[in-house]
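Understanding the architecture of this molecule
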Amino acid sequence: MERSDIRPAKRLDRTPRVFVTRHLMPSVEDRMGELFDVRLNPEDVPLEREQLIEAMQDCDVLVPTVTDLIDADMIASAGEDLGLIANFGAGTEHIDLNAAADRHIIVSNTPGVFTDDTADLTMAGIIGVPRRIREGVELIRSGKWTGWTPTALLGTKLAGKVLGIVGMGRIGQAVAHRARAFGLEIAYHNRKRLPEAVERMFHARWVESLDELMGKADILTLHCPAGPNTHHMIDARRIDLMKNGASLINTARGDLVDQDALIAALESGKLAGAGLDVYPDEPNVDRRLIRHPNVMTLPHIGSATREGREESGLKVIANIRMWADGHRPPDQVLTGLG
């Protein structure tokens, strides 16, 4: 059941006071400055909890990012004027949506902007881990490469291998579209099966059980949101179901994977490698992952394109303007209850 009883604010009779927690694209910040009474974070460092609380007590609109945890207590202590949390990015697991709904605070996001960007980066891991790209780069940089030999840095070919996609939403489908060009067979697990026409378009077959998909995939890639139902969904038991020598790619959220279980599987050789753009305790990355020769460790750059970041910022602006005019933002997030 979706909660949709949050009332949009009445049209503001003044310029909205907007607090932006992180540095955005210059064109976006400039436009915000033209339209709103905006306060920025020029130092571009994550704000402490008390700083966020102070900001929420003195603004009409808060513009947070994924690094800003907005919990129920913070929302309860927000000022009476706070009527919109206009999140920069699609994911909203860092915001207590039910607490916001209880205060009649609307939450919006920026969906669909980073689909292609994240899918592109995912393909870098899907290609790079089986072909041992990280090891090759480091071999050249170390000056230890002695030249071509028939048996050096042997990886595995992609064509004919099974790519298991966990979460077949926008990004999962974009990955499937790209992966088909490399000859990968697509199997997927989703909460709901896709229409048959969509499956045919991607040449994808549905696997009802995640456990079953774990055993079928040569490469497993994760594209589902974080939350209580997905926390550590890839744990030691499920990793043990995977094929020996399989690879894991995660460009979604760090806490989908039990990191200790992943590291144990990498160190034992159960898994051949991993491509990771997200981690459970960012910006901290476990040194064991960094040391492993076939783990591609990237600094959460799945959405890091100029085009995507600018478009996301413009969506934030559109959401604020609609709300300030007394209308529902186009990207309002509805809270699921029950």
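Counting starts from 1 at the beginning of each chain's written sequence and moves along it residue by residue. Given that this is a predicted model, residues contribute local features only at a pLDDT of at least 70 and side-chain atom pairs are listed and counted only at 80 or more, while totals for whole chains, interfaces and linings are drawn from all residues. Only hydrogens and water are set aside when side-chain values are computed; all heavy atoms of the structure are taken into account.

**Some words on the overall build of the protein chain**
Just so we agree on the cut-off: Runs of E in the DSSP output that reach at least two residues are strands. Runs of H or I that reach at least four are helices, and both are numbered from the N terminus. Both definitions apply: the radius of gyration is a C-alpha atom measure, and the globule rule equals 2.2 Å times residues to the power 0.38. For the exposure calls, accessible area comes from a 1.4 Å probe over protein chains only, and a residue counts as buried if that area is under 20% of its type's maximum, exposed if over 50%, partly exposed in between.
Summing up its helical and strand segments, the protein chain has 13 helices and 14 strands in all. For 338 residues, the compact-globule estimate of 2.2 N^0.38 gives 20 Å, and the protein chain sits close to it at 22 Å. Referenced to the eigenvectors of the C-alpha coordinate spread, the extents of the protein chain come out at roughly 75 × 50 × 30 Å. Within the protein chain, the fraction of its 338 residues that count as buried is 48%.

**What about the nonpolar core?**
The condition is simple: Take the buried Ala, Val, Leu, Ile, Met, Phe, Trp, Tyr and Cys residues and link them wherever side-chain atoms come within 4.5 Å; each set so joined is a nonpolar core. Contacts are assigned to residue pairs that have any heavy atoms within 4.5 Å of one another.
Val-166, Leu-220, Leu-222, Ile-234, Leu-262, Leu-271 and Leu-289 are the most contacted members of the largest nonpolar core, which totals 31 residues. Listing elements by their share of this core, those giving two or more residues are strand E7 (162-166), helix H9 (210-216), strand E10 (219-222), strand E11 (246-250), helix H11 (259-268) and strand E12 (271-276). Looking at which element gives the most residues to this core, the answer is H11, with five residues. Beyond its immediate chain neighbours, meaning those up to four positions away, Leu-222 contacts Val-166, Ile-234, Leu-248, Ile-249, Asn-250, Thr-251, Ala-252, Leu-256 and Val-257. With 22 residues, the next largest nonpolar core counts Met-168, Ala-174, Val-175 and Ile-219 among its residues.

**Looking at the domain arrangement of the protein chain**
Condition: Domains are outlined according to an automatic or database domain assignment. Once two parts are joined, some of their accessible surface, as seen by a 1.4 Å probe, is lost; buried area is that loss totalled over both. Just to be clear on terms, a salt bridge is a Lys or Arg side-chain nitrogen sitting within 4 Å of an Asp or Glu carboxyl oxygen. Distance and chemistry together define a polar contact, namely a pair of N or O atoms within 3.5 Å, with one atom able to donate a hydrogen and the other to accept it when in protein, and with adjacent residues in sequence counting only for side-chain atoms on both sides.
By the assigned domains, the protein chain splits into domain 1 (15-111 + 303-323) and domain 2 (114-295). On a C-alpha basis, the centres of domain 1 and domain 2 stand 32 Å from each other. Counting residues at the interface gives ten residues for domain 1, matched by six residues for domain 2. Summing the contributions of domain 1 and of domain 2, the shared interface buries around 660 Å²; its carbon and sulfur component is 59%. Here domain 1 and domain 2 share one salt bridge between them. Of the charged contacts in the structure, one is a salt bridge between Glu-93 and Arg-253, with a shortest N-O distance of 2.3 Å. Across the contact surface, domain 1 and domain 2 share two residue pairs in polar contact (both at pLDDT 80 or more).

**Observations concerning the packing of helix H1 (residues 26-35) against helix H13 (residues 306-324)**
The test is simple: Axes, fitted as lines to C-alpha atoms, cover a helix only where it is in contact. Angles between the N-to-C directions of the axes lie from 0 to 180 degrees. Comment on the angle field: the value is read as roughly parallel under 35 degrees, roughly antiparallel over 145, roughly perpendicular from 65 to 115, and oblique elsewhere. Rotating anticlockwise by less than a right angle from the far helix to the near helix defines a left-handed crossing, while the corresponding clockwise rotation defines a right-handed one. As a working rule, the residues Ala, Val, Leu, Ile, Met, Phe, Trp, Tyr, Cys and Pro are called nonpolar, Asp, Glu, Lys and Arg charged, and the rest polar, with Gly in that last group.
Axis separation between H1 and H13 bottoms out at 9 Å; the angle between their running directions is 15 degrees. Our classification of the angle between H1 and H13 gives roughly parallel. Seen along the crossing, H1 lies across H13 with a hand that is right-handed. In contact with Ser-27, Val-28, Arg-31, Met-32 and Leu-35 of H1, H13 contributes Glu-310, Gly-313, Leu-314, Val-316, Ile-317 and Arg-321. Residues of the contact of H1 with H13, tallied by class, amount to six nonpolar, two polar and three charged.

**Side note on the pattern of salt bridges**
Close approach of charged atoms allows side chains with opposite charge to pair. Across all of its chains, the model carries 24 salt bridges by this definition. In this structure, the salt-bridge partner of Arg-132 is Glu-135, at a minimum N-O distance of 2.8 Å. The class for Arg-132 is partly exposed, based on a relative accessible area of 24%. One salt bridge connects Arg-205 with Glu-185, and the closest N-O pair in it is separated by 4.0 Å.

**Concerning the pairing of E10**
Quick note on the threshold: Note on pairing: two strands pair once DSSP finds at least 2 bridges between them.
Side-chain alternation along E10 places Ile-219 and Thr-221 on one buried face and Leu-220 and Leu-222 on a second face that is also buried. Bridge count for E7 against E10 is four bridges, and the pairing is parallel. When the sheet's bridge partners are listed, Leu-163 is paired in E10 with Ile-219. Bridging between E10 and E11 involves four bridges; their strand directions are parallel. From the neighbouring strand, Leu-222 faces E11, where its bridge partner is Asn-250.

**Some points on the sheet that holds strand E6 (residues 106-108)**
If you walk across this open sheet you meet the five strands as E3-E2-E4-E5-E6, and the pairing is parallel. Among the strands making up the open sheet, the edge pair consists of strand E3 (37-39) and E6. Taken pair by pair, the neighbouring strands of this sheet meet at an average axis angle of 20 degrees, ignoring direction. In this sheet, strand E4 (residues 61-63) lies alongside strand E2 (residues 17-20) in parallel orientation, the contact comprising three bridges. Pairing of Val-20 across the sheet is with Val-63, part of E4.

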